[in-house]
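# Summary of the model geometry
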Amino acid sequence: MRFDTAALHAGYSPEPTTHSRAVPIYATTAYTFDSTEHARQLFALEEPGNIYSRLSNPTCDILEARIAALEGGVGALAAASGHAAIHMTVMNLAGEGDEIVAGNNLYGGTMNMFGKSLARLGIRVNFVDAHRPEAFEEAITDKTKALYVEAVGNPNADLADIEAIAGIAHAHGVPLIVDNTVPSPALLRPKEFGADLIIHSTTKFLSGTGTVMGGMTVDCGTFRWKDNPRFPLLNDPDPSYHGVVFADVPNNAGFIARQRALILRDYGGCQSPFNAWVTLLGVETLGLRMKKHSENALAVAKFLEASDAVEQVNYPALPSSPYYELSKKYLPSGASSMFTFIIKGGREAGGRFINACKLISHVTNLGDARSLVSHPATTTHSQLSDEQLYAAGIAPGTVRLAIGLEDIEDLYEDLAQALAESQK
């Protein structure tokens, strides 16, 4: 199935009991077993099936199958939030004494998890210049378990050269993890450029309505785990399941199978079936929405670039962007809705601009159908030091926009009056 068809149909056919055309919400915590032998086989991973909704749920299964299909993966695992998906992915790779190499332009919450919370667990994250692929290679050690980048950096919409970084990762026998939240698979499929694992905050564009939380890990099925000495967790017999070796799982889906069977089981960050159902509704229109998001965002970026109240606009689809050539390679169908600009007058002018917005909502979210605005230095990235803010390219006057699906003329009017107020 092609993209828009898969967004509507992948992972579900009308089920035989009710023949419901729409995906049902399976609001249940547990499932009956045919016999004690059937239960034993399920718990021993000898047979697929549902045991308990912390591990799997039919509504969540359909969302997982649909996102895996859109990303070209062999499997996926839904989580309670994007952060839960990131955390469970790392915990499926690394333990005390291990390392991750990550770009230094990540979303502030991810930076805090990597730099502070994982450190307390004994996992070291080495941050490097995300725009120098060779910096990732320089930081790899014999303890490195993965490289990690955001396809489109939050908040400045700066682009990682995924293909170059993937080549470095694979040369050293480690997987590349790509957070594809901002472009979504409608605009970018990182697997096609060498990514091995893909992260989504489904809270954002996949649901598209700003109503439900969720996350997703997609296993592309491309990385060779079998007999890779860096990954004993997947190659050694696992005592939890009578010695199963996850690297032997068919279709090279051992990583995502282990993440469900051990990490989700033990950490419990599952997604609710209701949230999965709402997200499925959003996915049905993902292709249409991402086109409109991108069209509106590019128009707004050009509008701001022409304003005397604006010092700089950071949107990769603008010819003035240092990432313009990369955007033509990775985002030829559109550069999504999120970007930043630097307003003249610094922090105070930024505050006046945000306070003056009437149509655009002051919200620390993105991917909503409605246009949103925030001030990264005092919200999403407030936990970062001045040095980290500088490294991430965030100035006191940086304003982040996530442009929605409104009529473009209404957005122009709101921006124009807010810019005028900002300069008073």
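Residues numbered from 1 in each chain as written. Predicted model: local features only at pLDDT ≥ 70, side-chain atom pairs only at ≥ 80, totals over all residues. Heavy atoms only, no water.

A separate point is the overall build of the protein. Helices and strands together make up the secondary structure of the protein, namely 16 helices and 12 strands. Its C-alpha atoms give the protein a radius of gyration of 22 Å, near enough to 22 Å, the size a compact globule of 424 residues would have. Here the C-alpha coordinates of the protein stretch approximately 75 × 55 × 35 Å along the principal axes. Taken across its 424 residues, the protein has 57% of its residues classed as buried. Summed over its atoms, the accessible surface of the protein is roughly 17100 Å², and 54% of this surface lies on carbon and sulfur atoms. Positive and negative side-chain charges of the protein, numbering 33 and 47 respectively, have mean locations separated by a distance of 1 Å. (Helix = DSSP H or I, 4+ residues; strand = E, 2+ residues; numbered from the N terminus. Rg over C-alpha atoms; globule rule 2.2 N^0.38 Å. Buried < 20%, exposed > 50% of the residue type's maximum accessible area, 1.4 Å probe, protein only. Areas by Shrake-Rupley, 256 points an atom, 1.4 Å probe, with all protein chains shown as cover. Lys, Arg positive; Asp, Glu negative; His and termini not counted. Charge placed at Lys NZ, Arg CZ, Asp CG, Glu CD.)

Before going further, it helps to spend a moment on a negative patch on the surface. On the surface, D407, E409, D410 and E413 cluster together into a patch of negative charge. Residue position: E413 is located in helix α16 (residues 408-422). (Patch = residues over 30% accessible without salt bridge, like charges linked within 9 Å, V, L, I, M, F, W, Y side chains within 5 Å. Salt bridge = Lys/Arg side-chain N within 4 Å of Asp/Glu carboxyl O.)

Moving on, we get to the sheet that holds strand β8 (residues 310-314). Read from one edge of the open sheet, 5 strands run β8-β9-β12-β11-β10, paired in mixed fashion. A strand with exactly one partner marks an edge of an open sheet, and here the two such strands are β8 and β10 (361-362). Note: strand β9 (residues 338-343) against strand β12 (residues 398-402), 5 bridges, orientation antiparallel. Paired with M338 across the two strands is A402, which belongs to β12. Along the sheet, helix α14 (residues 346-356) contacts β9, β10, β11 (372-374) and β12; its crossing angle with β9, the most-contacted strand, is approximately 125°. (Pairing = 2+ DSSP bridges. Contact = heavy atoms within 4.5 Å. Axes fitted to C-alpha atoms, helices over the stretch in contact; angles between N-to-C directions.)

Another point: the environment of S307. Mapped onto the elements of the fold, S307 is located in the loop between α12 (286-305) and β8. Using a relative accessible area of 17% as the deciding quantity, one classes S307 as buried. Taking the C-alpha atoms as reference points, S307 and G221, 86 residues apart in sequence, are found 47 Å from one another. Among the polar contacts made by the side chain of S307, one reaches the main-chain amide nitrogen of A309 at a distance of 3.1 Å. (Polar contact = N/O pair within 3.5 Å; in protein donor to acceptor, adjacent residues only side chain to side chain.)

Counted under the stated rule, the structure contains 2 cavities of 30 Å³ or more. Taken as a whole, the largest cavity encloses approximately 70 Å³ of empty space. Listing elements by their share of the lining of the largest cavity, those giving two or more residues are α3 (58-71), β1 (75-79) and α10 (254-267). Ranked by residues supplied to the lining of the largest cavity, first place goes to α3 with 3 residues. Looking at the lining of the largest cavity residue by residue, the class counts come to 6 nonpolar, 4 polar and 4 charged. Within this model, the second largest cavity holds a volume of roughly 30 Å³. Lining the second largest cavity are M111, N112, G115, K116, Q383, L384 and Q388. With 4 residues, helix α5 (residues 108-120) is the single largest residue contributor to the lining of the second largest cavity. Class assignment for the residues of the lining of the second largest cavity results in 2 nonpolar, 4 polar and 1 charged. (1 Å grid on protein atoms, 1.4 Å probe; cavity = no way out; pocket = protein on both sides within 12 Å on 5 of 7 lines; lining within 4 Å. Points joined across faces, edges and corners; volume = space filled by probe spheres on them. Nonpolar A, V, L, I, M, F, W, Y, C, P; charged D, E, K, R; others polar.)

Now for the pattern of salt bridges. Pairing is possible between side chains that carry opposite charge, provided their charged atoms lie close to one another. Across all of its chains, the model carries 12 salt bridges by this definition. For the salt bridge of E134 with R132, the shortest nitrogen-to-oxygen distance reads 3.4 Å. Take R132: its relative accessible area is 32%, and that puts it in the partly exposed class. The closest approach of N and O atoms between D368 and R370, which form a salt bridge, is 3.0 Å. Bridged by salt links that share partners, the residues E37, R40 and E46 form one connected network.

Counting buried positions along strand β2 (residues 99-103) yields 5 of 5 residues, so the element is predominantly enclosed. Because side chains alternate across β2, one face comprises the buried residues E99, V101 and G103, and the other comprises I100 and A102, equally buried. Of the pairings in the sheet, the one linking β2 to strand β3 (residues 124-128) comprises 5 bridges and is parallel in character. What sits directly across from A102, in β3, is F127. Handedness of the β2-α5-β3 crossover: right-handed. With 4 bridges connecting them, β2 and strand β4 (residues 144-150) associate as parallel partners. The residue of β4 that forms the bridge with E99 is T144. (Right-handed = clockwise from strand over helix to strand, strands pointing away.)

So yeah, pure geometry; function would need other evidence.
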